[in-house]
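Analysis of the macromolecular model
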Protein chains: 2
Amino acid sequence: MNIQFARRFDGISGSAIREIFKMIAQPDMISFAGGNPSPSALPDEAAARIAAQVLREDGKRILQYGATEGYPPFIESLFAYAKAQLGCEVPAVLPVTGSTQAMDLLCKALIDPGDAILVENPSFLGNLQCMRLYQAKLVPVESDAEGLRLDALEAAMAEHHPKMLYTIPNFQNPTGKTLAADRRQPIAELAAKYGVVVAEDDPYRDLRYRGETAPSIKSFDQEGWVVFLGSFSKIISPGLRVGYMAGDPGLIRKCVMGKQAADLHTATLNQAIVDRFIREGLLPGHISRISASYKQQLDTMLSELESFPRGTSFTRPDGGLFIWVELPEGLDTKALLEKAVARHVAYVPGTHFYADGGHANTLRLNFSNSSIEQIHTGMQALRAVLEEAL
Amino acid sequence: MNIQFARRFDGISGSAIREIFKMIAQPDMISFAGGNPSPSALPDEAAARIAAQVLREDGKRILQYGATEGYPPFIESLFAYAKAQLGCEVPAVLPVTGSTQAMDLLCKALIDPGDAILVENPSFLGNLQCMRLYQAKLVPVESDAEGLRLDALEAAMAEHHPKMLYTIPNFQNPTGKTLAADRRQPIAELAAKYGVVVAEDDPYRDLRYRGETAPSIKSFDQEGWVVFLGSFSKIISPGLRVGYMAGDPGLIRKCVMGKQAADLHTATLNQAIVDRFIREGLLPGHISRISASYKQQLDTMLSELESFPRGTSFTRPDGGLFIWVELPEGLDTKALLEKAVARHVAYVPGTHFYADGGHANTLRLNFSNSSIEQIHTGMQALRAVLEEAL
């Protein structure tokens, strides 16, 4: 048997992160790979109570087929929630099966093979993979410490006539960088000037440990070119697979049609659980608790990085889940991973996050899924691996 | 603002069924449209108990990110379950977000624009829509009372070199027909001879009200060309969005990669609920109960059809959810739908199920979501509409 697969799979391999996950699936591994919430951040008791409650109160509707557009009570709370998040009126929302699905639906709606998508460099590899499966041309745009450079962005829009810009403005994955407040309105204006859809992916927004939250790019959007992707994965549970998109009704309508043929609708029980979590007012307190803990984990990891070998640099994120590290030139984090795993510590080599690869001396560290003690132990092991390699 | 959408949406409109759903969303409507289970078939109490239980016992894992390949306990029970369903060893399984997603992933894995897919004529319009979004060329293959005609199938394979055959062998949607037992092995052999993937979509398999279950096409598959699509939507709950695919490991692997970029994984809570439902042995009794009721509903609808105007013909399904009706030539079920809705009864015009349209005098009736009394009342109203039109 020799199946001829579709051309979109030419050159595609499995997600590097997920393959690394399998490699490090050992009980005594300290994993700075992945982007998992802390187990203590997962509200299992509340979820058990709420799941039973919503099924007892509205079980016949929850277990029946639902509308692609979403579960009515959740749509109602989502409009209010998204308005508060975005700081602006929200013309249309769509619950999705994790914000991963939002990227899939946007590509389905917009991308023909060969169409250009502007991406941060580096960027979230899961969504880069999604874009590759739509045979998009990924065009990296340079950032500085304040996020996307406006001059580079405008030049890329003028040169490549992209269909979409994909950006993670707050505590970016993988770098932890935040887009400067004064670059947000200009990005919305550039999108309108060049006719480019901006996918503003903001899953870490509420996980801010210092400083002020900047307004969303969407809040500066006059014409509807910006679509906001939200997620409950980092603040309630990734296993529930509930996210949302908010934006122009015409674009959302195309995504609804794409979703009908993708999974019909997001599982209603999961929408109902998130809805109830919001309606009971559990979110602010829950976010405060997990943020207090994540801040300590971040600070512990940053202080460990201070004693890394000379020539190591790293970001100092104001929130989110990740720190980005550049090792001295000549070190190859892909090659070093095996040595790190032998010492029971894991990370993701940075090269996977670059549309064009390269940058062999970079790596991404996650701090949310490790205890303070594990961070000390794991970072010391990692330092030993680097010192050995130098 | 003028967004340029992707070419795959050229000529695509929303699903006809779902638009009809909106039109008939009135409290006193008797709907023979849709394919909803009966409310009494939805196990809300068991689901409430089980949801709370699995979250209390394994909540930290259930709420965390999971593997694309599925929740380990569910994979285990799914292997055993699928083996019993298919009547053969199952080399690989993948939980999916409703079997709708299985079709999406198969198209993603296999279909380049212009590739041919053989489809029954008529066939399930949701999946036809999915194929159209992959810009497949849909090639209808004729059936007779025993399902797909083997001569027509082989001729279509030889002429069109299709990538895939899509078939619903048991109680087909929309016709209610079942593929004859002695055509199943030949289909598996034709697939191998011509190198065609067979998507064997079998969501109604367990809803059999008379006769013997025929072996799956998959059970005759020597080389791995047949992939089986299963669903828990009709026997537990469609709102949970849990289905599965079973087939060749290489093909499943491509679907896993496609799924990583589509929704990462099927929500773990939903997999855990279905898993527990299977493990507690609840399925056989539940299926017996709902089948006993559905059989009565089917028989009631069939007996009402006996007194429909001369020239009306209809199928007499052995199971499933649908009856297919052909009215006297000259009647147009799309035009008549408005009159039916005015009399508070609804159906789906048959033309939507044909890849090339036409067949204006056909319609699909669903009996699972209406009470015996509603079936009497609704069918009498429908008969009155037809008598008026003749």
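Residues numbered from 1 in each chain as written. Chains lettered and ligands numbered in written order. Predicted model: local features only at pLDDT ≥ 70, side-chain atom pairs only at ≥ 80, totals over all residues.

Quick look at the packing of helix 11 (residues 333–342) of chain B against helix 12 (residues 372–389) of chain B
All names here are of chain B. Contact geometry of helix 11 with helix 12 gives a least axis separation of 9 Å together with a crossing angle of 130°. Comparing the axis directions of helix 11 and helix 12 gives the class oblique. Helix 12 is crossed by helix 11, and the crossing has right-handed handedness. Residues Leu-336, Lys-339 and Ala-340 of helix 11 form the contact with helix 12, whose own contacting residues are Leu-382, Val-385 and Ala-389. Each residue belonging to the contact of helix 11 with helix 12 can be placed in one class, and the counts come to five nonpolar, no polar and one charged. (Axes fitted to C-alpha atoms, helices over the stretch in contact; angles between N-to-C directions. Helix = DSSP H or I, 4+ residues; strand = E, 2+ residues; numbered from the N terminus. Parallel < 35°, antiparallel > 145°, perpendicular 65-115°, else oblique. Left-handed = near helix turned anticlockwise from the far one by under 90°. Contact = placed C-beta atoms within 7 Å. Nonpolar A, V, L, I, M, F, W, Y, C, P; charged D, E, K, R; others polar.)

Observations concerning helix 3 (residues 72–86) of chain B
All names here are of chain B. With 15 residues, helix 3 should reach 21 Å at 1.5 Å per residue; the first-to-last C-alpha distance of 21 Å fits that figure. Every buried residue belonging to helix 3 is among Phe-74, Leu-78, Tyr-81, Ala-82, Gln-85 and Leu-86, and all of these are buried. Packing partners of the buried residues in helix 3 comprise strand 2 (93–96), strand 9 (226–231), strand 10 (243–246) and helix 9 (268–279). One or two positions beyond helix 3, positive phi appears at Gly-87, with a value near 70°. (Expected span 1.5 Å × (residues − 1). Buried ≥ 20, exposed ≤ 12 C-beta atoms within 10 Å, placed from the backbone.)

Observations concerning the packing of helix 4 (residues 99–110) of chain B against helix 5 (residues 125–133) of chain B
Residue and element names in this part refer to chain B. With their axes 10 Å apart at the nearest point, helix 4 and helix 5 run at an angle of 25° to one another. As the angle between them shows, helix 4 and helix 5 are arranged roughly parallel. Here helix 4 and helix 5 pass one another in a crossing that is right-handed. Mapping the contact onto sequence places Thr-100, Met-103, Asp-104 and Cys-107 in helix 4 and Gly-126, Asn-127, Cys-130 and Met-131 in helix 5. Taken together, the residues of the contact of helix 4 with helix 5 break down into four nonpolar, three polar and one charged.

Let's talk about unusual backbone geometry
Working note: non-glycine residues mostly have negative phi, and peptide bonds are mostly trans. In this model, Asn-173 of chain A is joined to Pro-174 of chain A through a cis peptide bond whose omega is 15°. Located in the positive-phi region is Arg-241 of chain B, a residue other than glycine, with phi close to 55°. Relative to the elements of secondary structure, Arg-241 of chain B occurs in the loop between strand 9 and strand 10.

Re the nonpolar core
Counting residues in hydrophobic clusters, the biggest one holds 246 residues, and the most contacted among them are Ala-51, Leu-106 and Met-245 of chain A together with Ala-51, Leu-106 and Met-245 of chain B. Of all the elements, helix 2 (residues 44–63) of chain B adds the most residues to this core, at nine residues. When neighbours within four sequence positions are excluded, Ala-51 of chain A is seen to be in contact with Leu-269 and Ile-273 of chain A together with Ala-51, Ala-52 and Leu-55 of chain B. (Core = buried A, V, L, I, M, F, W, Y, C linked by C-beta atoms within 7 Å.)

A look at the sheet that holds strand 10 (residues 243–246) of chain A
Residue and element names in this part refer to chain A. Here we have seven strands laid out as an open sheet, ordered 2-10-9-8-7-3-4, and mixed in their pairing. With partners counted over all chains shown, the strands left at the sheet margins are strand 2 (93–96) and strand 4 (137–141), one partner each. Averaged over all pairs of adjacent strands, the angle between their axes in this sheet comes to 20°, without regard to strand direction. (Pairing = 2+ DSSP bridges.)

A closer look at the relation of the copies chain A and chain B
The relation between the two chain copies is a rotation about an axis coupled with a shift along that axis. Taken as rigid bodies, chain A and chain B are interconverted by a rotation of 180° and an axial shift of 0.0 Å, the fit giving an RMSD of 0.0 Å. Taken together, the rotation angle and the small translation identify this as a two-fold axis. Relative to the rotation axis, the closest C-alpha in chain A is found at Ala-52 of chain A, a distance of 2.8 Å. Of all interface residues in chain A, 100% are interface residues in chain B too; the two copies therefore contact each other through one and the same surface. (Least-squares fit on C-alpha atoms with pLDDT ≥ 70 in both.)

Focus on the interface of chain A and chain B
On the side of chain B, 66 residues touch chain A, which itself brings 65 residues to the contact. At the level of secondary structure, the elements contributing two or more residues to the side of chain A that touches chain B comprise helix 2 (44–63), helix 4 (99–110), helix 5 (125–133), helix 8 (249–260) and helix 9 (268–279) of chain A. Taken together, the residues of the side of chain A that touches chain B break down into 32 nonpolar, 21 polar and twelve charged.

Notes on the environment of Pro-140 of chain B
All names here are of chain B. Inspection of the secondary structure puts Pro-140 in strand 4 (residues 137–141). By the C-beta count within 10 Å, which is 17 here, Pro-140 ends up partly exposed. Dropping the residues within four chain positions of it, Pro-140 is found in contact with Val-119, Asn-121, Ala-355 and Asp-356.

What to know about the pairing of strand 9 (residues 226–231) of chain A
Residue and element names in this part refer to chain A. Buried residues dominate strand 9, accounting for six of its six residues. Residues of strand 9 alternate between two faces, with Val-226, Phe-228 and Gly-230 on one and Val-227, Leu-229 and Ser-231 on the opposite face, all of them buried. Across four bridges, strand 9 lies against strand 10 in antiparallel orientation. In the sheet register, Gly-230 faces strand 10, and the bridge partner there is Tyr-244.

Some words on the domain arrangement of chain A
All names here are of chain A. Under the domain assignment, chain A is made up of domain 1 (12–43 + 284–389) and domain 2 (44–282). Computed over C-alpha atoms only, the centres of domain 1 and domain 2 are separated by 25 Å. The interface of domain 1 with domain 2 comprises 32 residues on the first partner and 38 residues on the second. Of all the secondary structure elements, the ones that give two or more residues to the side of domain 1 that touches domain 2 are helix 1 (16–23), helix 10 (282–305) and strand 12 (322–326). (Domains from an automatic or database assignment.)

Some points on the pairing of strand 12 of chain A
Along a regular strand, successive side chains alternate from one face of the sheet to the other. Residues and elements named next belong to chain A. Within strand 12, four of the five residues are buried, leaving the element largely enclosed by the surrounding structure. Pairing geometry for strand 11 (residues 313–314) and strand 12, over two bridges, is antiparallel. Of the residues in strand 12, the one forming a bridge with Phe-314 is Val-325. Bridge analysis of strand 12 against strand 15 (residues 362–366) gives five bridges, and the strand direction is antiparallel. In the sheet register, Ile-323 faces strand 15, and the bridge partner there is Leu-365.

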